Amino acid sequence: MSTSGSVARGAARRSAAFRERARQEADRYGPDPWIFVRELLQNSRDAGATAVRFSVEDGGGREVVRCTDDGEGMSFAHAKRYLFALYASSKETSRNQAGKFGVGFWSILRFEPDEIIIRCRTRAGESWGLRFDGTLEHAVTVPGLTQSGTEIIVARHGGDGRLEHRVYDAVWQSARYLHRRDNVREALPITINGRRANAEFALEAPSAAFRRGSVRGVVGLGPAPRVELFSRGLRLRAAASLDDLIAPSGRHTSRMRVQFPELPGGLAPQALLESDKLQVLLSRSDARDNRALNRLVKLAHRELEWLIDRQLSAARPRSIFRQAWDFFGDRLRESLLLRTVLGSFLGATAALLIGWALWGRTVDDPPARVETRPTAPARGPTAATPRPYQDLAARYRGPRVDVLEPGSAEPIELRYLPSSRRLHFAALSFSELAADGSPVVEPADASATPYRGLSCDRNCVDVEVPISGPGQIHVPIPTGHRLVVDSLRADNVRLPVMMTPEGLPVITLSDATERRLRYRTVAGPDPRRPQTPAISDALPRSLRNRAAAVRTAMVEDRVAALLAEVKARVEYDRSAEVASQHADAVDRGVGFVDRTLEIGAGDCDVQNGLLVALLHAAGVEARLAVGYIGSEGRVFPWLHAWVEYRNSSGAWRVADASEGAQTALPALPQARPAAAAPSAPSDPGPAPDGRGPEPAEPSIAAPPAQQDAAPETQPEGEVAAAPTAAGASTPASSSAEDDDDLLSLVRRLDRDYPWVIRGMPFLLFALAAWSMLGARTRRAVKLDDTPDLSRLLRGVLQQPGAFAQMSSLFTRPIVPCLEGDAISVNRARELAAQGRLYSSADRPALARRAVKSKAVVLDVTTPEGRTVADSLGAIDLDRWAAWVDRARHDPLTTRVNAILRRRGEDWCVTLADRMPTAVTVLDLGKLGAKVERIHGARLVLLDPFSPGIAQATETAKRAPKLGTLMLLDLLADRLDLDATRRARLLSDAAEQALLESFPPR
């Protein structure tokens, strides 16, 4: 007996512990005791039921809820393993199951039952049943079901006769859209004592149902702000707006019972959203805020905006062109066939263009050399025939100013990609200064060190330029860039690259044959060790002190300070007079720095040569660079000089003292033979577009190869033929230009990354497949047939935050005005805030004059106009017209108006009977309309029967000036005048009233 007793006590303890733990888990579902109704429905749905029936009995002091379904049922072994255990679920790996956690069934304990009956029958024929007491300590077998399915019965003592209502409400709140497990498009029928509790997944018009993959939803406009989130037909979350649904502050709720208060007379956004991709929490009464939820809300926002656009278009049709555009856009979104045809056409067009670019021409063919003349004003050298690039070292004569001549141009066919960059291509550089301060030209053969370049995988610059020798040639490199040595080819032949003492790359050609040089550069620091620059003795003490004063600053700050110093001391000027002054100073043996400071003017290499000397004195490693400025993938034909300085990271940067100069180019004559031209001139000045100086010729003699013939200028915009390598000419043709950006990019990709171009057809095929098979949104729209938008506008004005993302509601002109115009809600709110929004129904003369003066007067004969006018407090011109008709003057108001005019107050005070307030004001200046018998920008109507005004009127009969003071004081108080205006207005009246009180004897 003791053994059996201890076993019974142990079983009782285990049952009590299980019930206590199960009850704790049931409490996770919130305070609603009817949450078990949803859990029973979820289990029935997961069991594949085709119908669920609730039978509710409430009478005789006892409540009984019976839930029966025709699903697959459970075997007793399955129930023992999963149903009668906590945290064990057979649904975790099933994608079409709503339950996962193995605790939902025990939410029935929230009902506080004193009896629980479970009866099942599997489709294989196994039938069983158990009855538990409320403590779960005792269980007895009962007959099972006679057909497949599951029946759960819970019963308890008590009752108030409302059990059926509560069960029905629990089903309606959480599961009215529940659908079958194996067919999401078919509702799972649910009845409570024979009463159907299902609802269609829809909203009243205007609404739009949409489906996109596993996501479905309905958006619409209704009397209550209402948004509900579902997963597999069971509600997870509810909120008042879409943004509240995912608000981090928690403006949503997972409660089972939710009330949505209606807006009085207005419409608000509504939405029903369902997705099987939502991550349901343990209680299955809420969802995790993840990417799937955010994407669902974003999709609902787009659909709601689309619906509102359609509703507005139906109520206020737009132009035929806009309607056609909207129709085509809608058909494109909705029609798979139309998208497929359009995608196929675009893909075929792209394939033809790429095929023409790749195979219409041979990639290795030498391109035609075409020079396109700029569309800027003709400037002579710009139109010269391009020459092969030749080295400039032997021809540079140092900083000086020369007269600009046409023969001084150095037009070369240097092209580069990407063409969007504006680059400074340095062909020479000089960091050493002579005793007189001018740059020292390095020896022509001072390059015996191999060049140390960089590699490049991205952000490279591809350069191509025709060259000719013989001898050493400096390779033009953008300032701040390094050469990719392995990329350099001359007619597809690799050449050794050496480095000058200045760090520039040079190559050597054995003969004068013209070659096409191709190479690649990339931005990077100079690998050489930084050098300490020597300070020029030619600098005067004041400039050395100025440079020494900024030595402790950052490099960029030193450069900026000394750049400003040079611009202040040396003006950009390349006129004949300045050139003559420099030539005379050179003949007299005056050094570079002294003559530059003495004359105070010069061209680009004069200014920047002085800047180099100053930067050296400030401890900045710098050098004078001579070369070409590139723009839109080409270089200007004039040479230019600038400063390259080395920053703290070891990279070279550009500083240009002549940048931004406003000197204009002189008129240029026709070119003449170079042999007859004087020595090459200097800098031609800035470009006409203001982007800095156009590349100039810094004192370079014409190359010997060009002495026998000089180029001739041609009309602007003309395309000239250039000689080919063999000496033949190619006809001019802008369409045949070989370095067209798109074509050059395609060729470069085909050369360096052939898999990109070769894989383009596969990419087009993938895009076409995605267009045909990808997810698309299917819609079914129900619009409101009535053209009345007043309820929608009322909702917008009552809850603007709920419509915040529907821009068309705020920006479209849908609020009707007089004379047939319309304004937007945003405009109406703006005018109302300024006190300039008016309304009228009867169109009196005052309203017509206001419309004529461009005031905005809403038409309140329309529901929309009346709604906006009432909501925003528009000024009723009908009432004002009636008041103005009753307005009259008396002696008191006449005296007051006279004082107001003397004091500069542009008011008109009159009396009018039956006014709503003692003092009523209309700003005629804002209205823009004149009123007969009224003079002034503000009309003030006084009710003669109001106490204060009646007292002032009576006083004025025996003491006119005292009555005038009383009325003015009342106006100042009612109109809230500041102290200064109040004192100015009342001072004279008070004095006159005081004198009136003490008449002279």
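Remember, predicted model here, so these are calculated numbers, not experimental data.

A. The arrangement of the packing of helix 23 (residues 891-902) against helix 26 (residues 960-974) in detail. The geometry of helix 23 relative to helix 26 is characterised by a closest axis approach of 10 Å and an angle of 65 degrees between their N-to-C directions. The pairing of helix 23 with helix 26 is recorded here as roughly perpendicular in orientation. Crossing of helix 23 over helix 26 shows right-handed handedness. Mapping the contact onto sequence places L892, R895, V896, I899 and L900 in helix 23 and P960, G963, T964, L967, L968 and L971 in helix 26. Split by residue class, the contact of helix 23 with helix 26 holds 8 nonpolar, 2 polar and 1 charged.

B. Region of the structure containing the pattern of salt bridges. One pass over the full model with this rule turns up 39 salt bridges. Residue D462 is joined to R520 by a salt bridge in which the shortest nitrogen-to-oxygen separation is 2.7 Å. In this pair, D462 is assigned in strand 19 (residues 461-467) and R520 in strand 25 (residues 515-523), connecting sequence segments 58 residues apart. According to the relative accessible area criterion, R520 is buried, its value standing at 16%.

C. Geometry of the state of the cysteines. Summed over all chains, the structure comprises 1 disulfide. Linked covalently through their sulfurs, C456 and C460 form a disulfide whose S-S length is 1.5 Å. Given an S-S torsion of about -105 degrees, the disulfide between C456 and C460 has left-handed geometry. The class of C460 is buried, set by a relative accessible area of 11%.

D. Representation of the side chain of S468 in the model. Inspection of the secondary structure assignment puts S468 in the loop between strand 19 and strand 20 (471-474). Owing to a relative accessible area of 8%, S468 belongs among the buried residues under this scheme. Side-chain polar atoms of S468 contact the side chain of Q390, separated by 3.3 Å. Excluding anything up to four places from it in sequence, S468 contacts P388, Y389, Q390, I473, L509, A512, T513 and E514.

E. Highlighting the sheet that holds strand 37 (residues 856-859). In space, the 3 strands of this open sheet follow the order 37-36-38, with parallel pairing throughout. Two strands bound the open sheet, and with one partner strand each, they are strand 37 and strand 38 (875-876). Relative to strand 37, strand 36 (residues 837-840) runs parallel, the two sharing 4 bridges. For Y838, the partnering residue across the bridge sits in strand 37 and is V857.

F. Structural detail: helix 20 (residues 845-852). Residues of helix 20 that are buried: L846, A847, A850 and V851. Take helix 20 and look down its axis: the buried residues cluster within an arc of 135 degrees, on one side only. Packing partners of the buried residues in helix 20 comprise strand 36, strand 37, helix 22 (877-886) and helix 24 (924-927). Where helix 20 ends, the next residue or the one after it, K854, has phi of about 75 degrees, a positive value.

Thresholds, definitions, all that
- Residues numbered from 1 in each chain as written.
- Predicted model: local features only at pLDDT ≥ 70, side-chain atom pairs only at ≥ 80, totals over all residues.
- Heavy atoms only, no water.
- Axes fitted to C-alpha atoms, helices over the stretch in contact; angles between N-to-C directions.
- Helix = DSSP H or I, 4+ residues; strand = E, 2+ residues; numbered from the N terminus.
- Parallel < 35°, antiparallel > 145°, perpendicular 65-115°, else oblique.
- Left-handed = near helix turned anticlockwise from the far one by under 90°.
- Contact = heavy atoms within 4.5 Å.
- Nonpolar A, V, L, I, M, F, W, Y, C, P; charged D, E, K, R; others polar.
- Salt bridge = Lys/Arg side-chain N within 4 Å of Asp/Glu carboxyl O.
- Buried < 20%, exposed > 50% of the residue type's maximum accessible area, 1.4 Å probe, protein only.
- Disulfide = S-S within 2.5 Å.
- Polar contact = N/O pair within 3.5 Å; in protein donor to acceptor, adjacent residues only side chain to side chain.
- Pairing = 2+ DSSP bridges.
- Arc of directions from axis to C-beta.

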